[in-house]
Amino acid sequence: MYSSTTYPYFLLVLLCLTLFNCKEEAQNNYEWKTIKVTATAYNSLAYQTSSNPHITAFGDSLKPGLKYIAVSRNLLKEGLTHNTLVQIEGLEGTYLVKDKMNKRWWNRIDVYMGTDVKAAKEWGRRKINISYRVEIEKDTLKD
């Protein structure tokens, strides 16, 4: 059916089409939700977090320069769980939920700013919209 010289190309095209279709199908299993939260900023410093400021409540290691946030615990129930993708109004890029905040906070995120205390203070506290990616319930997916 196929010559020995065209067969590898046929397999490559078939593989690419399969991967593209799987990626597209996986993307369709998610939706973006938007909510308004109070946003503050924090640093990897013991006086702001704990005696081990580079380890999150989920057990992840924080590294300055990476885009992470902490969320108040009520937002966990809204779908902002560990490793959720988040877009933050006023900031570029996509952030990951890597930490959770003290129980006393409600409807709040904390943007990780490494060890740059000046940047965290400049950010301050503000009400903003965030968008976050959640998996669509299986029973609501279209066949």
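It should be emphasised that the depicted structure is a prediction, and the values quoted were computed from it without experimental measurement. (Residues numbered from 1 in each chain as written. Predicted model: local features only at pLDDT ≥ 70, side-chain atom pairs only at ≥ 80, totals over all residues. Heavy atoms only, no water.)

K.L.:
Would you take a moment to explain the pattern of salt bridges for this structure?
P.N.:
Should the charged atoms of two oppositely charged side chains come close, the side chains can pair. Inspection of every chain in the model, using the stated rule, returns 1 salt bridge. Across the pair D60 and K98 runs a salt bridge whose closest N-O atoms are separated by 3.9 Å. Here D60 is found in the loop between β1 (30-42) and β2 (68-71), whereas its partner K98 is found in strand β4 (residues 94-100), with 38 residues between them in sequence. Taking the relative accessible area as the measure of exposure, K98 reaches 12% and is therefore buried. (Salt bridge = Lys/Arg side-chain N within 4 Å of Asp/Glu carboxyl O. Helix = DSSP H or I, 4+ residues; strand = E, 2+ residues; numbered from the N terminus. Buried < 20%, exposed > 50% of the residue type's maximum accessible area, 1.4 Å probe, protein only.)

K.L.:
How do you make sense of the sheet that holds strand β5 (residues 108-112) when you look at a structure like this?
P.N.:
Backbone hydrogen bonds are what pair the strands of a sheet, in a parallel or an antiparallel way. Ordered in space as β1-β5-β2-β4-β3-β6, the 6 strands form a closed barrel in which the pairing is mixed. Put simply, the sheet's adjacent strands are angled 45 degrees from each other on average, direction ignored. Relative to β5, β2 runs antiparallel, the two sharing 3 bridges. From the neighbouring strand, I69 faces β5, where its bridge partner is V111. (Pairing = 2+ DSSP bridges. Axes fitted to C-alpha atoms, helices over the stretch in contact; angles between N-to-C directions.)

K.L.:
Looking at this model, I keep getting lost on the nonpolar core. Mind explaining?
P.N.:
Grouped burial of nonpolar side chains is what soluble globular proteins tend to show. One finds I69, I88 and I109 to be the most contacted residues of the largest nonpolar core, which totals 20 residues. Secondary-structure elements contributing two or more residues to this core are β1, β2, β3 (85-88), β4, β5, α3 (117-123) and β6 (126-135). Take this core: its biggest share by element is 4 residues, from β6. Dropping the residues within four chain positions of it, I69 is found in contact with V86, I88, Y95, L96, V97, K98, D99, I109, D110, V111 and Y112. Core analysis: the second largest hydrophobic core is formed by 6 residues, L62, A70, M101 and Y112 among them. (Core = buried A, V, L, I, M, F, W, Y, C linked by side-chain atoms within 4.5 Å. Contact = heavy atoms within 4.5 Å.)

K.L.:
Help me out: how do you make sense of the environment of T56 in this one?
P.N.:
You can see T56 is positioned in the loop between β1 and β2. Remark: the alpha-carbon pair of T56 and K98, spanning 42 residues in sequence, is separated by 6.7 Å. When residues no more than four places from it in sequence are discounted, the contact partners of T56 are L62, K98 and D99.

K.L.:
What is the right way to look at the pairing of β2 in this model?
P.N.:
Each regular strand displays side chains that alternate between the two surfaces of the sheet. Taking every second residue as pointing to the same face, both faces of β2 are buried, with Y68 and A70 on one and I69 and V71 on the other. Direction of pairing for β2 relative to β4: parallel, over a ladder of 4 bridges. If you follow Y68 over to β4, its bridge partner there is L96.

K.L.:
Just checking my understanding: could you explain the packing of aromatic side chains for this structure?
P.N.:
Where two aromatic rings form a pair, the distance of their centres and the angle of their planes describe that pair. Summed over all chains, the structure comprises 2 aromatic pairs. With a centroid separation of 5.6 Å and an interplanar angle of 55 degrees, the aromatic rings of Y42 and Y112 are classed as tilted. Separated by 70 residues along the polypeptide, Y42 in strand β1 and Y112 in strand β5 bring together distant segments of the chain. On the basis of relative accessibility, which here comes to 4%, the residue Y112 falls in the buried class. Here the aromatic cluster, defined as three or more aromatic residues joined through ring pairs, consists of Y42, Y68 and Y112. Taking NZ or CZ as reference, R108 lies 3.8 Å from the ring centre of W105, over its face. Taking NZ or CZ as reference, R133 lies 3.6 Å from the ring centre of Y30, over its face. (Phe/Tyr/Trp six-rings, centres within 6.5 Å; stacked < 30°, edge-to-face > 60°. Lys NZ or Arg CZ within 6 Å of the ring centre and 35° of its normal.)

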